[in-house]
Amino acid sequence: MLNFIFSVPVEFIKKLSRVVVVVRGLNSRLFMYRKSDWYKVLKILDEIQTRKETSKVFKRYIELMKNSASESQVSSKGKLTIPYYLREYADISRKNIHFAWVGNRLEIYSH
């Protein structure tokens, strides 16, 4: 399958680094992190995953999130390529793509 190329809105380009990591998020959304922020999130997820009290379902979700991670470069014009499997997960197309900055990440979703 082909990768999916799209443009990040100008107001978000400045908040992102040139290298980002895109992962499966909640509710069929994609989460895009600056690469440095992703490593911080990854450390927290690893800690949560090793706790006895963490449910098997949540451990599985963390594993899916980590395994879906895809590194990508944001061009100076905001163009970005993500793998087809992430596009399919979020059910996005060039006509129905939406963005929201939440905390330390950009969320990408369809409406």
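Up top is the structure these notes are about.
The paragraphs below set out a description of the structure included in this document. (Residues numbered from 1 in each chain as written. Predicted model: local features only at pLDDT ≥ 70, side-chain atom pairs only at ≥ 80, totals over all residues. Heavy atoms only, no water.)

### Some thoughts on the environment of Arg 18
The condition that has to hold: Each helix is a run of DSSP H or I of at least 4 residues and each strand a run of E of at least 2, with the numbering of both proceeding from the N terminus. Should any heavy atoms of two residues lie within 4.5 Å, those residues are counted as being in contact. The term polar contact refers here to a pair of N or O atoms within 3.5 Å; inside protein, the definition further demands a hydrogen-donor-capable atom paired with an acceptor-capable atom, and it admits residues adjacent in sequence only when both atoms are side-chain atoms.
You can see Arg 18 is positioned in the loop between helix H1 (10–13) and strand E2 (19–24). Spatially, the C-alpha atoms of Arg 18 and Val 74 are 5.0 Å apart, while their sequence positions differ by 56 residues. Once you skip the residues sitting within four places of it in the chain, Arg 18 turns out to touch Ser 72, Gln 73, Val 74, Ser 75 and Ser 76. Here the side chain of Arg 18 touches Ser 75 through a polar contact of 3.5 Å, landing on its backbone oxygen.

### Details of the nonpolar core
One broad rule of soluble globular proteins: the nonpolar side chains tend to lie buried together. Selection rule: Working definition of a nonpolar core: buried Ala, Val, Leu, Ile, Met, Phe, Trp, Tyr and Cys residues. They are joined through side-chain atoms within 4.5 Å. Burial here depends on accessible area, computed with a 1.4 Å probe over protein chains only, as a share of the maximum for the residue type. Under 20% is buried, over 50% is exposed, and the range in between is partly exposed.
Among the nonpolar cores identified, the biggest contains 20 residues, and Phe 6, Val 8, Met 32 and Ile 82 are the most heavily contacted of them. Breaking this core down by element, the ones donating at least two residues are strand E1 (4–7), H1, E2, strand E3 (30–34), strand E5 (79–82), helix H4 (84–90), strand E6 (97–102) and strand E7 (105–110). If we skip the residues at most four places from it in the chain, Met 32 touches Phe 6, Val 8, Leu 16, Val 20, Val 21, Val 22, Leu 80, Asn 104, Arg 105, Leu 106 and Ile 108. Counting eleven residues, the second-largest nonpolar core is a separate cluster that includes Val 23, Tyr 33, Leu 45 and Met 65.

### Some details on the packing of helix H2 (residues 35–50) against helix H3 (residues 56–68)
Cut-off, in case you're wondering: Comment: axis = line fitted to C-alpha atoms, over the contacting stretch for helices; angle = value between 0 and 180 degrees taken between N-to-C directions. Roughly parallel covers angles under 35 degrees, roughly antiparallel covers those over 145, roughly perpendicular covers 65 to 115, and oblique covers all other angles. For any pair of crossing helices, the crossing counts as left-handed if the nearer helix is rotated counterclockwise from the farther one by less than a right angle, and right-handed if it is rotated clockwise. Polar here means any residue outside two lists: the nonpolar Ala, Val, Leu, Ile, Met, Phe, Trp, Tyr, Cys and Pro, and the charged Asp, Glu, Lys and Arg; Gly therefore counts as polar.
Where H2 contacts H3, the axes come no closer than 10 Å and their chain directions differ by 155°. Between H2 and H3, the angle falls in the class roughly antiparallel. For the element pair H2 and H3, the recorded crossing hand is left-handed. Residue-level inspection shows Trp 38, Leu 42, Leu 45, Asp 46, Ile 48 and Gln 49 of H2 in contact with H3, the latter providing Phe 58, Lys 59, Ile 62, Glu 63, Met 65 and Lys 66. Counted by class, the contact of H2 with H3 contains seven nonpolar, one polar and four charged residues.

### Overview of the side chain of Ser 68
With respect to the helices and strands, the residue Ser 68 is situated in helix H3. Beyond its immediate sequence surroundings of up to four residues, Ser 68 is in contact with Val 22, Val 23, Arg 24, Tyr 85 and Leu 86.

### As for the pairing of strand E4 (residues 70–73)
Test applied: Here the rule is simple: two strands pair whenever DSSP picks up at least two bridges between them.
Alternating residues of E4 divide into Ser 70 and Ser 72, all buried, and Glu 71 and Gln 73, none buried. Both E2 and E4 contribute to a ladder of four bridges, which runs antiparallel. In the sheet register, Val 19 faces E4, and the bridge partner there is Gln 73.

### Concerning H2
Let me state the cut-off plainly: By definition here, a helix of n residues has an expected span of 1.5 Å times n minus one. Directions are taken from the helix axis to each C-beta atom, and the arc is the one they span.
Over its 16 residues, H2 extends 23 Å from the first C-alpha to the last, a length consistent with the 22 Å expected when each residue adds 1.5 Å. Inspection of H2 places Asp 37, Trp 38, Val 41, Leu 45, Ile 48 and Gln 49 among the buried residues, and these make up the whole buried set. The buried residues of H2 occupy an angular sector of 105° when the element is viewed end-on, so they sit on one face. Away from the buried face of H2 by more than 90 degrees, exposed residues Lys 40, Lys 43 and Thr 50 are located. On its buried face, H2 is in contact with E2, E3 and H3.

### Topic: unusual backbone geometry
In the Ramachandran plot, Asn 27 falls in the positive-phi region, its phi being about 50° despite a non-glycine side chain. Structurally, Asn 27 is set in the loop between E2 and E3. Despite not being glycine, Asp 91 shows a phi value in the positive range, around 55°. Note on placement: Asp 91 falls in the loop between H4 and E6. Overall, Asp 91 belongs to the exposed group, its relative accessible area being 53%.

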